[in-house]
Amino acid sequence: MNDWKPQGPEMHLEPEQIERLALASPPETAPEALRAHVRECPRCAHEVTETRRVIEALAELPRMAPSPGFADAVMERVSLPRPWHVRAWEFVASRWLVLSALLVTATGSAIGIGRWVAGGRPVPTPGRVLGFLGVELRRAFWGAVVDVGRYLVTSGIAHSVQVFFEHLTLTGAAAAVGGLGLLGLTASLVLFKLLRDARPELATLNGASR
Amino acid sequence: MNYAESSDKELVARCRRGDERAARELVSRFERPVFSLVYRMVRDRALAEDLAQEAFVRTFNHLDRYDPTYKFSSWLFKIAHNHTLDHLRKRELDTVSIQGAPDATTRDRQEATSITLESASERPDELLEAKRTGAAIEAAIDRLRPEYRAAIVLRHLEDRSYEEIAEIMEIPLGTVKTYIHRARRELQEKLAHLRE
């Protein structure tokens, strides 16, 4: 652009060159070739004056500023990328229940396999492991049933229930069944209403978890 | 760590490591120019705040997509410009607006078209003339096409180079020159009456 030289009377400055002259402060800082052309060319001189007038008018415009709470409002909505160790901790903290369950399962499995091997049992195949677990679970279930029965007998609750049924009349039984039915119906209605009212919050939670 | 003296690049690097203070410093550095650009495109303070805010949020929430070889401010302006332009296209906002301070009907307009008295010695007739010019140029900017408006504001109010404007508006350099030239030409024509 500095090397520009007018080639003839019909040649005029480019818009960028006009802008350069208009912005030059002081005017002597503009390239001499451009200034020389303007001295000779009334059309370009007029163009430079007009452009300078517009640029100066634009520079006079007030600079707009947002309201004072703007930065706070932005920062509330910004979620910056977090370092890996922070993300790792958040991952663990948000899934502690699942991870604990996995840990317990893994530990239980390790103990079970250890006991199996220590007991001199044959090589564990899926069928043998399932059979072993079935026996263990059955034993645990019946053990629990016996424990509950023993508790009921020793605590006297079983005796109280027996006395209650001995004195129960048909009307009393009907009233009890009706009362329980009414209670169940009321509880269902309350639960339904609570769930219906909580639907927006549940939807929000669902959306946030995605 | 002195945030105020850090470069944009350093602050962006800190933001990428989760430093919120660095982000806040960038917001305070650029809230005025970004808001100014958006405001002059939509002519509504509340809307401009919303759009500028969204531009900042998008910028920070997508820092992973930012290419540090470019200026951060250009990227931020690009997001603000695109978001505002999208809004204007969606809403088909009427870009032909009001006529400046003498006829300004809202406080925003009065504020936008007013000129601050810089010294006590300024004469009232000069002030009135300045207000008239300010109002006229605001009204003239209002009537420009949104693309011309963005280009002229970035060039002469925000002092951005032609290359940066091309980057921000995602258009070729030649188109930027054409837009700015045409915008200035239109402003000259619309302001001609002030000289008469």
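The structure displayed is predicted, hence computed values, not measured ones.

1. Quick look at the overall build of chain A
Piece 1. For chain A, the count of helices and strands is 10 helices and 0 strands.
Piece 2. The linear arrangement of helices and strands in chain A, starting from the amino end, is α-α-α-α-α-α-α-α-α-α.
Piece 3. Across the 210 residues of chain A, 18% fall into the buried class.
Piece 4. Taking the contacts inside chain A whose residues are at least 6 apart along the sequence as the reference set, 43% of them involve residues at least 24 apart.
Piece 5. As displayed, chain A offers around 15,700 Å² of accessible surface, 67% of which is attributable to carbon and sulfur atoms.

2. What about the interface of chain A and chain B?
Piece 1. With 32 residues of chain A at the contact, the number on the chain B side is 47 residues.
Piece 2. Contact between chain A and chain B buries roughly 3,800 Å² in total, counting both sides, with carbon and sulfur atoms accounting for 61%.
Piece 3. Across the contact surface, chain A and chain B share 6 salt bridges.
Piece 4. Between Glu54(B) and Arg77(A) there is a salt bridge whose closest N-O contact spans 2.5 Å.
Piece 5. For the pair chain A and chain B, the interface holds 14 residue pairs in polar contact (both at pLDDT 80 or more).
Piece 6. Broken down by secondary-structure element, the contributors of at least two residues to the side of chain A that touches chain B are helix H1 (15–23), helix H3 (42–60) and helix H4 (70–77) of chain A.
Piece 7. The residue inventory of the side of chain A that touches chain B, partitioned by class, reads 20 nonpolar, 3 polar and 9 charged.

3. A look at the pattern of salt bridges
Piece 1. Going through the model one piece at a time under the given rule, you end up with 24 salt bridges over all chains.
Piece 2. With a closest N to O distance of 2.4 Å, Arg155(B) and Glu19(A) form a salt bridge. A residue pair is termed interchain when its members come from two chains, as with Arg155(B) in helix H7 (residues 146–156) and Glu19(A) in helix H1. Each member of the pair, Arg155(B) as well as Glu19(A), is classed as buried.
Piece 3. A salt bridge links Arg39(A) to Glu32(A); its shortest N-O distance comes to 2.6 Å.
Piece 4. Glu32(A) gets classed as partly exposed once you look at its relative accessible area, which sits at 42%.
Piece 5. Residues joined in a network through salt bridges with shared partners are Arg40(B), Arg43(B), Glu138(B) and Asp142(B).

4. Section: the side chain of Glu54(B)
Piece 1. Mapped onto the elements, Glu54(B) comes out in helix H3 (residues 45–61).
Piece 2. At a separation of 2.5 Å, a polar atom in the side chain of Glu54(B) contacts the side chain of Arg77(A).

5. Considering H3(A)
Piece 1. Counted at 1.5 Å a residue, the expected span for H3(A) with its 19 residues is 27 Å, and the 27 Å between its end C-alpha atoms agrees.
Piece 2. Looking at H3(A), one finds that the buried residues are Cys44(A), Glu47(A), Val48(A), Glu50(A), Thr51(A), Val54(A), Ile55(A), Ala57(A) and Leu58(A).

6. Remarks on the environment of Leu88(B)
Piece 1. Note that Leu88(B) resides in helix H4 (residues 72–91).
Piece 2. In this structure the C-alpha to C-alpha distance between Leu88(B) and Val42(B), which are 46 residues apart in sequence, comes to 7.5 Å.

7. Comments concerning the side chain of Glu31(B)
Piece 1. In this structure, Glu31(B) sits in helix H2 (residues 20–42).
Piece 2. Within the buried set, Glu31(B) has no salt-bridge partner at all; the shortest N-O distance to an opposite charge, 5.7 Å, is to Arg32(B).

8. As for the confidence of the model for chain A
Piece 1. Confidence along chain A averages 80 in pLDDT terms, with 90% of residues attaining 70 or more.
Piece 2. Within chain A, the element-level pLDDT minimum falls on helix H10 (residues 199–209) of chain A, averaging 58, and the maximum on H4(A), averaging 93.

9. A word on the packing of aromatic side chains
Residues and elements named next belong to chain B.
Piece 1. With the rule as written, the count across this model stands at 8 aromatic pairs over all chains.
Piece 2. Between Phe60 and Phe72 the ring centres are 6.4 Å apart and the planes differ by 35°, which places this aromatic pair in the tilted class. Of this pair, Phe60 sits in helix H3 while Phe72 is found in helix H4, placing the two residues 12 residues apart along the sequence. Neither Phe60 nor Phe72 differs from the other in exposure class; each is buried.
Piece 3. Aromatic side chains Tyr148 and Tyr179 sit 5.2 Å apart centroid to centroid with 55° between the ring planes, which places their arrangement in the tilted category. Here Tyr148, found in helix H7, pairs with Tyr179, found in helix H9 (residues 173–191); they are 31 residues apart in sequence, far enough to count as distant.
Piece 4. Residue class for Tyr148 comes out buried when judged on its relative accessible area of 4%.

10. Focus: the packing of H1(A) against H9(B)
Piece 1. The N-to-C vectors of H1(A) and H9(B) enclose an angle of 60°; their axes lie 10 Å apart at closest approach. Comparing the axis directions of H1(A) and H9(B) gives the class oblique. Two packed elements cross with a definite hand, and for H1(A) against H9(B) that hand is left-handed. On H9(B), the residues that touch Pro15(A), Glu16(A) and Glu19(A) of H1(A) are Lys177(B), Ile180(B), His181(B) and Arg184(B).
Piece 2. For the contact of H1(A) with H9(B), the class distribution of residues is 2 nonpolar, 1 polar and 4 charged.

11. Description of the environment of Ala55(B)
Residue and element names in this part refer to chain B.
Piece 1. Position of Ala55 relative to the elements: it lies in helix H3.
Piece 2. The spacing of Ala55 and Ile79 is 24 residues in sequence and 5.8 Å in space, taken between C-alpha atoms.
Piece 3. Among residues more than four places away in sequence, those in contact with Ala55 are Leu76, Ile79, Ala80 and His83.

Rules used throughout
- All chains use their own residue numbering, which begins from 1 and follows the written sequence.
- The lettering of chains begins at A and the numbering of ligands begins at 1, in the order of writing.
- In keeping with the model being predicted, local features are shown solely for residues with a pLDDT of at least 70 and side-chain atom pairs are shown and tallied solely at 80 or more, while totals for entire chains, interfaces and linings include all residues.
- As a convention, hydrogens and water are excluded, and side-chain values are obtained from all of the structure's heavy atoms.
- Put simply, DSSP marks the helices as runs of H or I at least four residues long and the strands as runs of E at least two long, and each gets a number from the N terminus on.
- The buried label goes to any residue with under 20% of its type's maximum accessible area, the exposed label to any with over 50%, and the partly exposed label to all in between, with areas taken from a 1.4 Å probe on protein chains only.
- Residue contacts follow a heavy-atom distance rule, with two residues in contact if any of their heavy atoms lie within 4.5 Å.
- Where accessible areas are quoted, they stem from the Shrake-Rupley method and a 1.4 Å probe; at the residue level, only the protein chains shown are allowed to cover.
- Defined here as a combined quantity, buried area equals the accessible surface (1.4 Å probe) lost by two parts on assembly, summed across both.
- Any carboxyl oxygen of Asp or Glu within 4 Å of a side-chain nitrogen of Lys or Arg constitutes a salt bridge here.
- Two N or O atoms form a polar contact when they lie within 3.5 Å of each other; inside protein one atom must be a possible hydrogen donor and the other a possible acceptor, and for residues adjacent in sequence the pair counts only when both atoms belong to side chains.
- Amino acids are sorted into nonpolar (Ala, Val, Leu, Ile, Met, Phe, Trp, Tyr, Cys and Pro), charged (Asp, Glu, Lys and Arg) and polar (every other residue, Gly among them).
- Multiplying one less than the number of residues by 1.5 Å gives the expected span of a helix.
- None of His or the chain ends enter the tally, which takes Lys and Arg as positive and Asp and Glu as negative.
- For every residue, the predictor assigns a confidence score, pLDDT, that lies between 0 and 100.
- Note on aromatic contacts: the rings of Phe and Tyr and the six-membered ring of Trp form a pair at centre separations within 6.5 Å, being stacked when their planes are under 30 degrees apart, edge-to-face when over 60 apart, and tilted otherwise.
- For helices, the fitted axis covers only the stretch in contact; all axes are lines through C-alpha atoms, and the angles between them, taken along N-to-C directions, range from 0 to 180 degrees.
- Every angle not falling under 35 degrees, over 145, or within 65 to 115 is termed oblique; those three ranges are roughly parallel, roughly antiparallel and roughly perpendicular.
- Here a crossing is taken to be left-handed if its near helix is turned anticlockwise relative to the far helix by less than a right angle, and right-handed if that turn runs clockwise.

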